[in-house]
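# Reading the structure
So you can see what is in the structure, the chains are spelled out below.
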Amino acid sequence: MLKLFIASSFKKLTRQFSQNSSITPRPVIVVVGGGHAGTEASLAAARMGCKTILVTHKFNTIGEMSCNPSFGGIGKGHLIREIDALDGACAVVCDKSGIQYKVLNKRKGPAVWGPRAQIDRKLYKEHMQEKVNNTPDLEVIESSVEDLIIRDKNCEGIVFGDTGQIVSCSAVIITTGTFLRGEINIGLRTYPAGRIGDSPAIGLANTLDKVGFKMKRMKTGTPPRLLKSSINFDMTQIQLGDMPPKPFSFMNSSVWIKPEDQLECHITHSSLDTEKIVRDNLHRNIHVSEEGIRGPRYCPSIESKVLRFPGKRHQIWLEPEGIDSELIYPNGISCTLPEEAQLELLKSIRGLENVEMVRPGYGVTYDHVDPRELFSTLETKRVSGLYLAGQINGTTGYEEAAAQGILAGANAAAKALSKPELNISRAEAYLRVLVDDLTRMGAPEPYRMFTSRAEFRLSLRPDNADLRLTEKGYALGLVSEERLQQTLKIKYSLLNMIEILSNIDKSCADWQSRLSTTGIRINPAGRRCAFDLLRMDTLGIPELKMAIGNELPEDFFSDSELYQRLKIEALYSIAVEQQLAEVEQLTKESELKFPQNFNFDDQRIALSREEKEKLIEASPEDVSFQFSCNRW
């Protein structure tokens, strides 16, 4: 039986979670919204030991992938690996529902590789809902939240929209995505909705307004959905997955699908006819013409591409929505033209001349809160016990939302349980880079993660997220014993392998002699240890075996995944060591906290007017704010 409550069963729920019991109750955390931020937030709070209530309009939309059917990518894949290192759910669920897996950016170094998976929408929802349903201390209520209970600047509960009933709690995490005063636009038509078929959150938006939060509008969009059988794939370029596919989760050695069963994706391009159709219909498109509302720069609509880059052909990825699905997602042509113009546009694209459009693309405009209203824990500065995560903070993308969700859930639970916050610096995780950028610089446009945003990206790699974060998560109660033990096993195995190779020291002339038949050339001067030698791109397992195989334990190369991680550690060891001074500086500056309500406009502070204005607007928590600003 689903652990699902509706508003009519509320009295039973309030008795169960009553904070007036003679027995000291566990804290109650309420999460509003069942999207990617909401699911990770509620799962994190429950893992921490709090009674957790997830409030969502419909249970069957938990895990909904509202836009593209994929997870990961450059920068985004790093976030998924970090979420997994903290025992989050999305990576494990991706490994159970992917239909094509591919590591992007392989032409560059491993620090900026981007793990990505094409996902079966239906399977992802099923597995995420199963995860939510089977998590102890996590209950789901199908309802809307109309208001918050705020007393003396403390958030103490929520008010349901359908019944007016109240749930008292220790903290509320709002993860409403695009639903705050959401409006859908197709051509010149507009109507209230946070997503096709789902009502917007009006009351909650009004509450945040009344509290005094700085709120702005943003917009996003999604492309039309196409009938697979109506597409001529012979006219397109095939894109295959990796063989074998690499899982997202550190807990998995393989994914659910056989390598040979992965589905194909395809690439096609827009044409000059496409551009003409867009230009001829711009006057019929309210979404594009709305002034002062910013959309995603790095995932623009086809209308925006035409306006910014006239005369260009634009790539379009044709992505399957599932193994049993007849739908194709045309990634790259987010579109809000009238329906008939969208179909005309589609038929101007190579391979889509006879395409059938199953559902038109549409745009969404919605409210978001200026993320400079938040502490780095994602708790609001105006109201204690109120946390925000996901698109409500001005981000775009499932991965950015899920990352904020797990941080907000962990920190809300930690505060309720009188534990320290999840203390991660931007030198330790993209998760914190994301939060720092938002809370310090705001979100003038929808924020997307890139590897270029991280100063310490050579050490913040997809391969070592577990070594960076899992022990910290375990210390807080966020990570399971099983995951900790696996991480420690990998950690000590790597340290042991590094020690073995570091102790094998030979003259360079000796190394050259041992590797003479491989074509590898080594500078004959001086001495080098085997770990130093491993930094060479051309040195792999066969060459290492040839040179020193008889000096290594028999099982040294038995785990190819572990060897790959060893190779990457060697590749970046010098660069990481050189950055240690900067990391130490950041750590020291992070420890220098500003007093609450510090006056950054004080005349005794020797800064320019512009610098003071930035500080006043961001109201930073510590001196490391300036460290980050110098690099943006």
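Quick notes on the rules
- Residues numbered from 1 in each chain as written.
- Predicted model: local features only at pLDDT ≥ 70, side-chain atom pairs only at ≥ 80, totals over all residues.
- Heavy atoms only, no water.
- Salt bridge = Lys/Arg side-chain N within 4 Å of Asp/Glu carboxyl O.
- Helix = DSSP H or I, 4+ residues; strand = E, 2+ residues; numbered from the N terminus.
- Buried < 20%, exposed > 50% of the residue type's maximum accessible area, 1.4 Å probe, protein only.
- pLDDT = per-residue confidence, 0-100.
- Contact = heavy atoms within 4.5 Å.
- Axes fitted to C-alpha atoms, helices over the stretch in contact; angles between N-to-C directions.
- Parallel < 35°, antiparallel > 145°, perpendicular 65-115°, else oblique.
- Nonpolar A, V, L, I, M, F, W, Y, C, P; charged D, E, K, R; others polar.
- Arc of directions from axis to C-beta.
- Phe/Tyr/Trp six-rings, centres within 6.5 Å; stacked < 30°, edge-to-face > 60°.
- Lys NZ or Arg CZ within 6 Å of the ring centre and 35° of its normal.
- Pairing = 2+ DSSP bridges.

## Brief notes about the pattern of salt bridges
Per the stated rule, a full pass over the model turns up 43 salt bridges. A salt bridge links R483 to D87, with the nearest nitrogen and oxygen atoms 2.6 Å apart. Separated by 396 residues along the polypeptide, R483 in helix α14 (residues 481–502) and D87 in the loop between α3 (76–85) and α4 (90–97) bring together distant segments of the chain. By the burial criterion, R483 is buried, and D87 matches it. Bridged by salt links that share partners, the residues R426, R432, D436, D437, R440 and E455 form one connected network.

## Concerning the confidence of the model for the chain
Per-residue pLDDT for the chain has a mean of 91; in total, 95% of the residues score no lower than 70. When the criterion is pLDDT under 50, residues 1–23 qualifies, and its contacts beyond four places in sequence or with other chains add up to 46 contacts.

## A look at the packing of α3 against α4
Contact geometry of α3 with α4 gives a least axis separation of 7 Å together with a crossing angle of 110°. Taken together, the axes of α3 and α4 lie roughly perpendicular to each other. Only C90, A91 and V92 of α4 make contact with α3, whose side of the interface consists of I80, I83 and D84. In the contact of α3 with α4, the residues fall into five nonpolar, no polar and one charged.

## Digging into helix α10 (residues 339–346)
Those residues of α10 that fall on the buried side of the exposure criterion are A341, Q342, L345 and L346. Down the axis of α10, the buried set is contained in an arc of 140°. They therefore lie on one face. Looking at the packing, one finds that the buried side of α10 touches β12 (183–186), β15 (225–227), α7 (272–280), α9 (302–308) and β20 (357–359).

## Digging into the packing of aromatic side chains
A ring pair, where both rings are aromatic, is described by two values, the distance of the centres and the angle of the planes. Applying the stated criterion across every chain yields a total of five aromatic pairs. On the numbers, 5.1 Å between centres and 80° between planes, the contact of F556 with F557 is edge-to-face. We classify F556 as buried; its relative accessible area is 5%. Among the aromatic residues, those joined into a cluster by ring pairs are F71, Y124 and Y398. Directly above the ring of F250 sits R81, whose terminal nitrogen or CZ lies 3.8 Å from the centroid. Residue placement shows R453 over the ring face of Y447; its charged tip is 4.2 Å from the ring centre.

## Topic: the sheet that holds strand β9 (residues 154–160)
In space, the three strands of this open sheet follow the order β8-β9-β10, with antiparallel pairing throughout. Each edge of the open sheet is held by one strand with a lone partner, namely β8 (145–151) and β10 (166–168). Averaged over all neighbouring strand pairs, the angle between strand axes comes to 30°, with direction disregarded. Relative to β10, β9 is paired through three bridges, and the arrangement is antiparallel. Paired with G157 across the two strands is S168, which belongs to β10.

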